[in-house]
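Coordinate inspection notes
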Amino acid sequence: MPSLTSMAESILARAKKLDNYLEATNIAYPSFDDDTLDRLPDELQDERWALANDVNELKQLSRGAAHTTLDCAFSWTDAVGLRVVYRYKLANTVPLDGTASYAEIAAASGLKEDLCRRFIRLAMGSHVFTEDLETRCVRHTASSRLLATDQSFYDAVGIEIDEFGPASSKLIDVWEKHGQDANEPNHSAVSMFNETEKTFFDFLASQPERARRFGGAMRHFTKGDSWDLRHLLASFDWKSIDRPGAQVVDIGGGNGQISQYLARHTKHVRYIVHDLSHVVSQARSQLPSDLKDRIEFVEHDFFTPQTGETAPAAFIMRYILHNWADKYATRILQNLVPAMRKGTKLLIYEYVLEDRPVTDLTGRFGFQMDAIMATICNAKERTAAEYEHILKSTDPRYVVEAVCRPEGSTMSIVEVGWEENEQLSH
Ligand SMILES: C[S@@+](CC[C@H](N)C(=O)[O-])C[C@H]1O[C@@H](n2cnc3c(N)ncnc32)[C@H](O)[C@@H]1O
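Looking at an unreviewed UniProt entry, the protein carries the name O-methyltransferase-domain-containing protein, with the source organism given as Hypoxylon rubiginosum.

Encoded structure:
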């Protein structure tokens, strides 16, 4: 491990770089009131995240082993403070540019004044709100102001703190009841927590406000450059299949977001979006008219085999396999086999998990997603080796040809080919 001084020097060098930019462009230094680092250009954003990672390492070393572990153990207390703020919409009870007394917050929210004071002060430990020391009134910080003004940010906080977090308390109970290889989506921690035998998505279908929140949260989480679909273009040689007559089948393609984007960036390929009937009928009616000759929506349950009459140039799946345990992921892959031919590609567009421990704050996201997938549907994020394993165990003719994560992208493409090998096919 480097010395504390050399770690601090590296932090200093990064901080200076950011300060230099802020000073040169007359942007204020960041404060808890104004997150000015959001205004850094793309090329300096990486420096900002590197600074946060370095500071986090130094913080953990200086807190020491016991305190760092206890910080993690106590993190539920921060979460519960934020949950109270979320549930009682406390951010909306404080004027954006003024202050509110605890009595006013209590009157506006319906939460007892004493509880408002205690839980808001708990949240203040994470710089969600601050208090005017003279008047003892509450004022916004950048974080609480975001909660009051950005609905998808509010939804993202809500889904974690009010849905997934509490449900995760049932994860171990699920393993004890259904076994450690529990893989039924309707026996998940979310299902147990909500006392239902429904899957999370079926359950959401009967809860319009929670379904809306889920959609808002997903929009927030997929904002930003690292999620930009241009990375999908850089992950695969689309020109290699962009010829007259070529078809790409978008398995579980939802409203066709991926197909629409690809249709606008390829010339000839036709996109066939497969999904369940209720999704298809809605998606069809929302398809922009200029894409009607390039995109077709077809009802197809991916737990039934492809007909195999025509072999598409490629199948693509985004956010499909990570929703399913290996048992089901294998069935989905098995059902493509009748349509696979030499030259057909299967493009799995997913978060591909690192096969090593990751401590940096950005890279840990994949492991956090993995915990979420376990909680909501007994599913998982997978490493490249795990993708290879489920493909090979489904059918040895599947061959992983590349795993590509373009620079700056969160998502990767696992590019899979099909080997028509006489010996294997008999
Ligand atoms: C997480 S969404 C991903 C949607 C789309 N691939 C995207 O990336 O925008 C999962 C999709 O799988 C679809 N789905 C779930 N079960 C299915 C099944 N048995 N057959 C076909 N589609 C299914 C859902 O309706 C939903 O559109």
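That was the structure; now back to the text.
Within the protein one finds 19 helices and 12 strands. Over its C-alpha atoms the protein spans a radius of gyration of 25 Å, differing by no more than 12% from the 22 Å that the globule rule assigns to 426 residues. Relative to its 426 residues, the protein shows a buried fraction of 30%.

With that out of the way, let us pick up the pairing of strand β8 (residues 345-350). Among the six residues in β8, five count as buried, and that is most of the element. Sheet analysis places strand β7 (residues 314-318) next to β8, joined by five bridges and oriented parallel. Across the sheet, Phe 315 pairs through a bridge with Leu 346, a residue of β8. The parallel pair β7 and β8 is bridged by helix α16 (residues 326-334), and the resulting crossover is right-handed. Where β8 meets strand β12 (residues 412-418), five bridges bridge the pair, whose relative direction is antiparallel. Along β12, the bridge assignment pairs Ile 348 with Val 414.

Sheet strands pair by backbone hydrogen bonding; their relative direction is either parallel or antiparallel. The three strands lie next to each other as β1-β3-β2, forming an open sheet whose pairing is antiparallel. Looking at which strands have only one partner, the edges of the open sheet turn out to be β1 (99-100) and β2 (130-131). Two elements, β2 and strand β3 (residues 138-139), share two bridges in a ladder whose sense is antiparallel. Along β3, the bridge assignment pairs Glu 131 with Val 138.

With that settled, consider the environment of Met 411. For Met 411, the position within the fold is in the loop between β11 (398-404) and β12. Taking the C-alpha atoms as reference points, Met 411 and His 231, 180 residues apart in sequence, are found 7.9 Å from one another. Non-local contacts of Met 411, meaning those with residues more than four positions away in its chain, are made with His 231, Tyr 349, Glu 350 and Tyr 351.

Right, let's get into the packing of helix α8 (residues 151-168) against helix α12 (residues 208-221). Running from amino to carboxyl end, α8 crosses α12 at an angle of 115°, the nearest separation of the two axes being 7 Å. Put simply, α8 runs roughly perpendicular to α12. Helix-helix and strand crossings are classified by hand; for α8 and α12 the assignment is left-handed. In contact with Gln 151, Ser 152, Phe 153, Asp 155, Ala 156, Gly 158, Ile 159 and Glu 163 of α8, α12 contributes Arg 210, Arg 213, Phe 214, Gly 216, Ala 217, Arg 219, His 220 and Phe 221. For the contact of α8 with α12, a count of residues per class yields six nonpolar, five polar and five charged.

The subject of this paragraph is the environment of Tyr 398. With respect to the secondary-structure elements, Tyr 398 resides in strand β11. Given 21 C-beta atoms within a 10 Å radius, Tyr 398 is considered buried. Note: C-alpha distance between Tyr 398 and Met 411 (13 residues apart in sequence) is 21 Å. The contacts of Tyr 398, once residues within four sequence positions are left out, are Leu 391, Lys 392, Val 416 and Trp 418.

The next subject is unusual backbone geometry. A positive phi angle is found at Asn 26, which is not glycine, with a value near 55°. Its location among the elements puts Asn 26 in the loop between α1 (4-24) and α2 (42-63). The backbone of Lys 89 sits at a positive phi, close to 50°, despite the residue not being glycine.

Before going further, it helps to examine the sheet that holds β11. On the basis of which strands lie adjacent, the open sheet formed by seven strands has the order β6-β5-β4-β7-β8-β12-β11 and mixed pairing. At either margin of the open sheet sits one strand with a lone partner, and together these are β6 (295-299) and β11. In this sheet, neighbouring strand axes are inclined to one another by 20° on average, regardless of whether the strands run parallel or antiparallel. The sheet contact formed by β11 and β12 spans six bridges and is antiparallel. For Val 403, the partnering residue across the bridge sits in β12 and is Val 414. Each of β4 (247-251), β5 (270-275), β6 and β7 is contacted by helix α14 (residues 257-265), which is oriented at about 180° to β5, the strand it contacts most.

All right, on to the confidence of the model for the protein then. Considering every residue of the protein, the mean pLDDT works out to 95; 99% of them sit at 70 or more. Predicted complex, confidence summary: ipTM 0.99, pTM 0.91.

Taken together, 16 residues sit near the ligand, with Gly 252, Gly 254, Phe 302, Arg 318 and Tyr 319 positioned nearest. At the level of secondary structure, the elements contributing two or more residues to the shell around the ligand comprise α14 and β5. Split by residue class, the shell around the ligand holds seven nonpolar, six polar and three charged.

This part is about helix α7 (residues 142-149). Every buried residue of α7 is listed here: Ser 143, Ser 144, Arg 145 and Leu 147. Of the surrounding elements, those touching the buried residues of α7 are α4 (75-87) and α8.

This brings us to the nonpolar core. Counting 59 residues, the largest nonpolar core has Val 248, Tyr 271, Phe 315, Ile 316, Leu 347, Ile 348 and Tyr 349 as its most contacted members. When residues in this core are grouped by element, the largest group, five residues, is from helix α17 (residues 365-377). Leaving out residues up to four positions away in the same chain, Ile 348 has contacts with Met 317, Leu 321, Tyr 387, Ile 413, Val 414 and Val 416.

Remark: α8 packs on α17, axes separated minimally by 9 Å, with the N-to-C direction vectors making an angle of 80°. If you check the angle between α8 and α17, you find them roughly perpendicular. Listed contacts from α17 to Phe 164, Ala 167 and Ser 168 of α8 are Ala 371, Ile 372, Thr 375 and Ile 376. For the contact of α8 with α17, the per-class residue count stands at five nonpolar, two polar and no charged.

The rules behind these values
- Residues numbered from 1 in each chain as written.
- Predicted model: local features only at pLDDT ≥ 70, side-chain atom pairs only at ≥ 80, totals over all residues.
- Helix = DSSP H or I, 4+ residues; strand = E, 2+ residues; numbered from the N terminus.
- Rg over C-alpha atoms; globule rule 2.2 N^0.38 Å.
- Buried ≥ 20, exposed ≤ 12 C-beta atoms within 10 Å, placed from the backbone.
- Pairing = 2+ DSSP bridges.
- Right-handed = clockwise from strand over helix to strand, strands pointing away.
- Contact = placed C-beta atoms within 7 Å.
- Axes fitted to C-alpha atoms, helices over the stretch in contact; angles between N-to-C directions.
- Parallel < 35°, antiparallel > 145°, perpendicular 65-115°, else oblique.
- Left-handed = near helix turned anticlockwise from the far one by under 90°.
- Nonpolar A, V, L, I, M, F, W, Y, C, P; charged D, E, K, R; others polar.
- pLDDT = per-residue confidence, 0-100.
- Near = placed C-beta within 6 Å.
- Core = buried A, V, L, I, M, F, W, Y, C linked by C-beta atoms within 7 Å.

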